[in-house]
Amino acid sequence: LAGDLQLSPPFGSHMVLLMDREVPLHGTADPGKSVVVRFHGREFQTRTDANGAWQIMLPATPASATPSTLEVTSEGKRVLCDDLLVGEVWLCSGQSNMDFPLSRSTGGADETKSANLPNLRLLNLTGARTDARAYDAATLARLNVKDHFQGSWQPCTPATAGAFSAVAYHTGKLLQSARGVPIGLIENAVGGSGTEAWLPVESLKARPDYQPLLSEKWLDSERVSAWARGRAKQNLGSHFEANHPFKPGFLFESGVRPFSGFPFIGVIWYQGETNAEIHDDAWNEQLIRDLVIGWRTALHRKSLPFFLVQLPRIGGSDPLRKFWPAYREVQARAMKSLPDTHLVVTQDLGWDSPDVHPPD
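Criteria and cut-off values
- Residues numbered from 1 in each chain as written.
- Predicted model: local features only at pLDDT ≥ 70, side-chain atom pairs only at ≥ 80, totals over all residues.
- Heavy atoms only, no water.
- Phe/Tyr/Trp six-rings, centres within 6.5 Å; stacked < 30°, edge-to-face > 60°.
- Helix = DSSP H or I, 4+ residues; strand = E, 2+ residues; numbered from the N terminus.
- Buried < 20%, exposed > 50% of the residue type's maximum accessible area, 1.4 Å probe, protein only.
- Pairing = 2+ DSSP bridges.
- Expected span 1.5 Å × (residues − 1).
- Core = buried A, V, L, I, M, F, W, Y, C linked by side-chain atoms within 4.5 Å.
- Contact = heavy atoms within 4.5 Å.
- Disulfide = S-S within 2.5 Å.
- Axes fitted to C-alpha atoms, helices over the stretch in contact; angles between N-to-C directions.
- Parallel < 35°, antiparallel > 145°, perpendicular 65-115°, else oblique.
- Left-handed = near helix turned anticlockwise from the far one by under 90°.

Chemist: Got a sec to walk through the packing of aromatic side chains? Specific residues and values, please.
Modeler: Think of a pair of aromatic rings as described by two things: how far the centres are apart, and how the planes are tilted against each other in angle. Here the structure, examined in full by the defined rule, presents eleven aromatic pairs. Seen from their ring centres, Trp 227 and Phe 246 are 6.0 Å apart, and the 40° between their planes marks the pair as tilted. With a gap of 19 residues between them, Trp 227 in helix H8 (residues 226-236) and Phe 246 in the loop between H8 and helix H9 (250-255) connect regions that are remote in the sequence. The exposure class assigned to Phe 246 is buried, which follows from its relative accessible area of 1%. Pairwise contacts between aromatic rings join Trp 198, Phe 252, Trp 269, Trp 295 and Phe 306 into one cluster.

If you want it as structure tokens, here you go:
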């Protein structure tokens, strides 16, 4: 049972609330108690259910770059969210090319120094790193749906921009300039993660060919790339029963499901390097389609726009990149078959290095 008065993700100080749409504000408090919300001179009231959960629909509010405060009270407890703006909010997700930081990008050092953009707000959600190491006890304990992703909203400044996604930052900066409204960016990308880790559990349960991915022996499934299985085993050591960021369904349940009902303007999705290692075009296209459809269903946004970044061009002869051209075709075909989806072609911005992270 809940006790402390809390707001659920993604609500917090410095955030951007969605403009011109009702926004479901929710959280927890003591069961069966009154909850009062004050925002923009208006007051809203509800009661918590038997589990302490509560929700209030904030009315549609026009875009505003004037900071405001949202206050929630219950049984003498009080939560304040200050410095709130109203505009657009985008979810930026995928694997390491989405997570690639601005500071390491082409021109990133100078861009970071000048990144004083008060109407651009950043929520950098970080999960357990998937680098080549064995997880310690604290990391293993963190690998659950509630605790895995951590972070808080911050204004875009030289102190916060450098570690944020370069792709997301430049997209947000462009949008803020073009639209003239505040822009909020939520980034939850995880390096090396496969599409299957981002599928909702109900999507995985819906297809018989996904059943091996739901098994406790998912680390032995050839439907998960050999590289990803190897890295997960290295991270987990002897704790094969523990969760891992690459476990099918885990990243959606821990990093996307909490935003159910939140009216994002759209999703920017940059992922596929890991899945391209498996040369099965029908399988890979099915994964992409089920991800888009599954997210839309679980987030209660049937026409949620998706902007999918096609795999870039890189150099070298690493056999892991052998099937990238085929995977680009899969990405293009999947986008053509789904409404409200858009393909971003980046081959012209690739480079000759074998490094998987083109910095431009």
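After that view, the rundown keeps rolling.
Chemist: Describe the sheet that holds strand E1 (residues 6-7), naming the residues involved and giving the relevant values.
Modeler: In spatial order, the strands read E1-E3-E6; together these three strands make up an open sheet with antiparallel pairing. Two strands close off the open sheet at either side, each with one partner strand: E1 and strand E6 (53-58). Where strand E3 (residues 23-28) and E6 come together, six bridges link them in antiparallel fashion. Bridge pairing links Pro 24 to Met 57 in E6.

Chemist: Can you tell me about helix H10 (residues 281-298), naming the residues and giving the values?
Modeler: Along its 18 residues, H10 runs 25 Å from first to last C-alpha, staying within 8% of the 26 Å computed at 1.5 Å per residue. Counting buried positions along H10 yields 13 of 18 residues, so the element is predominantly enclosed. His 300 sits one or two residues past H10 and shows a positive phi near 60°.

Chemist: Describe the pairing of strand E8 (residues 77-94), and please don't skip the residues or the numbers.
Modeler: Of all 18 residues in E8, 14 are buried; the element is thus mostly enclosed. Pairing of strand E7 (residues 64-74) with E8 involves seven bridges; the strand directions are antiparallel. Along E8, the bridge assignment pairs Ser 74 with Lys 77. Connecting the antiparallel pair E7 and E8 is a turn made up of two residues, with Glu 75 showing a positive phi of about 50°. Pairing of E8 with strand E11 (residues 183-187), which is carried by five bridges, proceeds in the parallel orientation. Bridge assignment links Glu 88 to a residue of E11, and that residue is Ile 183. Two strands pair when backbone bridges link them, and E8 and strand E12 (residues 266-270) are joined in this way by five bridges, in the parallel orientation. Bridged to Leu 91 within E12 is Val 267.

Chemist: Break down unusual backbone geometry for me, citing the residues and quoting the values.
Modeler: Following Pro 9, the chain continues to Pro 10 via a peptide bond in cis, the omega torsion being 5°. Located in the positive-phi region is Glu 75, a residue other than glycine, with phi close to 50°.

Chemist: Residue-level account of the nonpolar core, with values.
Modeler: Core analysis: the largest hydrophobic core is formed by 103 residues, its most contacted members being Trp 54 and Trp 295. Ranked by residue count, the leading element in this core is E8, at nine residues. If we ignore the near neighbours within four places in the chain, the residues touching Trp 295 are Leu 91, Ser 93, Trp 198, Pro 200, Phe 252, Val 256, Val 267, Trp 269 and Phe 306.

Chemist: Give a description of the environment of Val 292 that names residues and reports values.
Modeler: Residue placement: Val 292 occurs in helix H10. Sequence separation between Val 292 and Leu 251 is 41 residues, and the spatial gap between their C-alpha atoms is 15 Å. Those residues in contact with Val 292 that sit more than four places away from it in its chain are Phe 306, Met 335, Leu 338 and Thr 341.

Chemist: Go over the state of the cysteines, please, and point to the residues and values.
Modeler: Enumeration over the complete set of coordinates arrives at zero disulfides. For the unlinked cysteine Cys 92, the closest cysteine sulfur is that of Cys 156, found at 12 Å.

Chemist: So what's going on with the packing of H10 against helix H11 (residues 324-336)? Residues and values would help.
Modeler: A pair of packed helices is characterised by two quantities: the angle between their axes and the separation of those axes. Following both chains from N to C, one finds H10 and H11 inclined at 40°, their axes separated by 9 Å at the closest point. One finds that H10 runs oblique with respect to H11. Helix-helix and strand crossings are classified by hand; for H10 and H11 the assignment is right-handed. In this structure, H10 contributes Asp 281, Asn 284, Glu 285, Ile 288, Arg 289 and Val 292 to the contact, and H11 contributes Ala 326, Tyr 327, Val 330, Gln 331, Arg 333, Ala 334 and Met 335.

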